[in-house]
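# Overview (structure and organization)
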Amino acid sequence: HWVADVIKASNPDIIGLQEVRVHGEAGVNQLDDLMALLPEYPHTYFQAALVAGDFQEGLAVMSRHPLLAVESTKLYRATGNTDTTQRICIHARIRLPHMQIPVDFFVTHLAYAVQPQERQVLFCIFHTPVCDALVLCIYISLYSDIYLR
């Protein structure tokens, strides 16, 4: 329950999650588990990036406030290296009561190789709609082996 404890301690309005897992046969659904521990975040969205049988792994958004619109987009998929996992980006538009304008909230998990990361970041930048308030949550894996070339 340490993830829920950290979220409660920081008290955010919106949460972006990466590597959220659902395993139907094993009865595991991490987003459902978090929702049970954090009922103050009733507005959620999950999108799988990886599906293998009844196992899914992807991204999620949790919010205290209603999601006005949500979409997910596939990002550039690397070929010819060890990280060929399909990456996605979730874009959620949320109106926070203390702001006059909606917030455009993005969450993604980039590839761990530098070249795909660069293309994925550029895609996110150039395909982001013009917005007044933007929050971008990016998880970047930094492994020393990618710098040894």
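Presented here is an overview of the structure given in this document. (Residues numbered from 1 in each chain as written. Predicted model: local features only at pLDDT ≥ 70, side-chain atom pairs only at ≥ 80, totals over all residues. Heavy atoms only, no water.)

## Here's the deal with the overall build of the protein
A count of helical and extended segments in the protein gives three helices and eight strands. Within the protein, residue pairs in contact and separated by at least 24 positions form 61% of the contacts whose partners lie at least 6 positions apart. Split by element, the accessible area of the protein, about 8700 Å² in all, is 56% carbon and sulfur. (Helix = DSSP H or I, 4+ residues; strand = E, 2+ residues; numbered from the N terminus. Contact = heavy atoms within 4.5 Å. Areas by Shrake-Rupley, 256 points an atom, 1.4 Å probe, with all protein chains shown as cover.)

## Quick look at the sheet that holds strand 4 (residues 55–63)
The sheet built from four strands is open, its strands ordered 2-1-4-3 with antiparallel pairing. Two strands in the sheet have a free side with no partner beyond their single neighbour: strand 2 (28–29) and strand 3 (43–52). Pairing geometry for strand 1 (residues 14–23) and strand 2, over two bridges, is antiparallel. Bridged to V22 within strand 2 is N29. Most of the contacts of helix 2 (residues 30–37) go to strand 1, to which it runs at about 130°, and overall it touches strand 1, strand 2, strand 3 and strand 4. (Pairing = 2+ DSSP bridges. Axes fitted to C-alpha atoms, helices over the stretch in contact; angles between N-to-C directions.)

## Some details on the pairing of strand 1
Across eight bridges, the pairing between strand 1 and strand 4 is antiparallel. When the sheet's bridge partners are listed, V20 is paired in strand 4 with G58. Here strand 1 folds back onto strand 2 in antiparallel fashion, the turn holding four residues, of which G27 has a positive phi close to 70°.

## So, a nonpolar patch on the surface
On the surface, W2, V3 and V6 cluster together into a nonpolar patch covering about 320 Å² of accessible area. Position of W2 relative to the elements: it lies in helix 1 (residues 2–10). (Patch = residues over 30% accessible without salt bridge, like charges linked within 9 Å, V, L, I, M, F, W, Y side chains within 5 Å. Salt bridge = Lys/Arg side-chain N within 4 Å of Asp/Glu carboxyl O.)

## What to know about the pattern of salt bridges
For the structure shown, the criterion picks out four salt bridges. The residue R64 makes a salt bridge to D13 at a minimum N-O spacing of 3.9 Å. In this pair, R64 is assigned in the loop between strand 4 and strand 5 (67–74) and D13 in the loop between helix 1 and strand 1, connecting sequence segments 51 residues apart. Owing to a relative accessible area of 24%, R64 belongs among the partly exposed residues under this scheme. A residue is classified by how much of its surface remains accessible, and D13, at 26% relative accessible area, is partly exposed. Two residues, R21 and E57, come together in a salt bridge whose shortest N-O distance is 2.6 Å. With R21 in strand 1 and E57 in strand 4, the pair connects residues that are 36 residues apart, well separated along the chain. (Buried < 20%, exposed > 50% of the residue type's maximum accessible area, 1.4 Å probe, protein only.)

## Concerning the environment of M62
Note that M62 resides in strand 4. It is 9.5 Å that separates the C-alpha atoms of M62 and L38, two residues lying 24 residues apart in sequence. Non-local contacts of M62, meaning those with residues more than four positions away in its chain, are made with D13, I14, I15, L17, L31, L34, M35, L38, Y41, H43 and T44.

## Here we look at the side chain of D104
Structurally, D104 can be placed in strand 7 (residues 102–109). Note on D104: relative accessible area 1%, which makes it buried. In terms of polar contacts, D104 uses its side chain to reach the side chain of H91, at 2.6 Å. Within the local environment of D104, its side chain forms a polar contact with the side chain of R93, the two groups lying 2.7 Å apart. (Polar contact = N/O pair within 3.5 Å; in protein donor to acceptor, adjacent residues only side chain to side chain.)

Everything listed here is a matter of coordinates, which is why it stays silent on function.
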